[in-house]
Amino acid sequence: MSIVHIGIGSNLGNRQENCLEAIKRLEQYGLSVPKRSSMIETEPWGVTDQPHFINMAIEAETDLSPEELLLLLKNIEQSMGRVKSVHWGPRVIDLDILFYDDRIIDSADLQIPHPRLHERDFVLSPLREIAPEKIHPVLKQKVSVLKMQVQRQSGK
């Protein structure tokens, strides 16, 4: 079994329900979800003229390969009504692989760890709740340290 960390976000419809539904669907496909963060409301990133997001993170156990997990996440997004629109635009659900064990993958279709997680407070805040000691395999720093760095940079 591999340990994965997944970021979950929604800013359309019932945002909290959308996040919970995504977790339910992941469990229906065989992922065990022993840890989940609280839900936090965050301002949009990238494209700011859109509704605020609900963001959270989960830790899950899976037998799926990274590529199979990515395909599952994309299928869940699509089945929940996510439509490709503006990059960083509004969405019913957004599911991102943040970490997959300590693996580093850099292919055309998949980058693990998520390439911008260390820059985004809306990812690091919930991730720190469930995995503060997790070491970023590229940056070699704990999630809790990355979170403090983002806080310092943003002045919050």
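The structure we're discussing is the one just above.
Overview of the structure. (Residues numbered from 1 in each chain as written. Predicted model: local features only at pLDDT ≥ 70, side-chain atom pairs only at ≥ 80, totals over all residues. Heavy atoms only, no water.)

Some points on the side chain of R91
Looking at the element boundaries, R91 is found in the loop between α2 (66-79) and β5 (94-100). A residue is classified by how much of its surface remains accessible, and R91, at 10% relative accessible area, is buried. Here the side chain of R91 touches D94 through a polar contact of 3.3 Å, side chain to side chain. (Helix = DSSP H or I, 4+ residues; strand = E, 2+ residues; numbered from the N terminus. Buried < 20%, exposed > 50% of the residue type's maximum accessible area, 1.4 Å probe, protein only. Polar contact = N/O pair within 3.5 Å; in protein donor to acceptor, adjacent residues only side chain to side chain.)

Considerations on the pattern of salt bridges
Across all of its chains, the model carries 9 salt bridges by this definition. R91 is paired through a salt bridge with D94; the nearest N and O atoms lie 3.3 Å apart. Side by side, R91 and D94 carry an identical accessibility label, which is buried. Between D102 and K134 there is a salt bridge, with its nearest N and O atoms 2.6 Å apart. In this pair, D102 is assigned in the loop between β5 and β6 (105-106) and K134 in the loop between α3 (121-130) and α4 (143-154), connecting sequence segments 32 residues apart. Since its relative accessible area comes to 54%, D102 is described here as exposed. You can call K134 buried: its relative accessible area is 16%. Salt bridges sharing partners connect three or more residues here, namely E21, K24 and R25. (Salt bridge = Lys/Arg side-chain N within 4 Å of Asp/Glu carboxyl O.)

Focus: the packing of aromatic side chains
One pass over the structure, following the stated rule, counts 0 aromatic pairs. It is K134 that lies over the ring of F99; its NZ or CZ is 5.2 Å from the centre. (Phe/Tyr/Trp six-rings, centres within 6.5 Å; stacked < 30°, edge-to-face > 60°. Lys NZ or Arg CZ within 6 Å of the ring centre and 35° of its normal.)

Describing the packing of α3 against α4
Running from amino to carboxyl end, α3 crosses α4 at an angle of 140°, the nearest separation of the two axes being 9 Å. Crossing of α3 over α4 shows left-handed handedness. Every residue of α4 that contacts α3 at D121, L124, S125, L127 and R128 is listed here: V143, S144, L146, K147, V150 and Q151. (Axes fitted to C-alpha atoms, helices over the stretch in contact; angles between N-to-C directions. Left-handed = near helix turned anticlockwise from the far one by under 90°. Contact = heavy atoms within 4.5 Å.)

Some thoughts on the packing of helix α1 (residues 15-28) against α2
Contact geometry for α1 and α2: axes closest at 11 Å, N-to-C directions at 130°. Classified by the interaxial angle, the pair formed by α1 and α2 is oblique. The element α1 and its partner α2 pack so that their crossing is right-handed. Note on element contacts: α2 touches α1 through L72, L73, I76 and S79, opposite A22, R25 and L26. (Parallel < 35°, antiparallel > 145°, perpendicular 65-115°, else oblique.)

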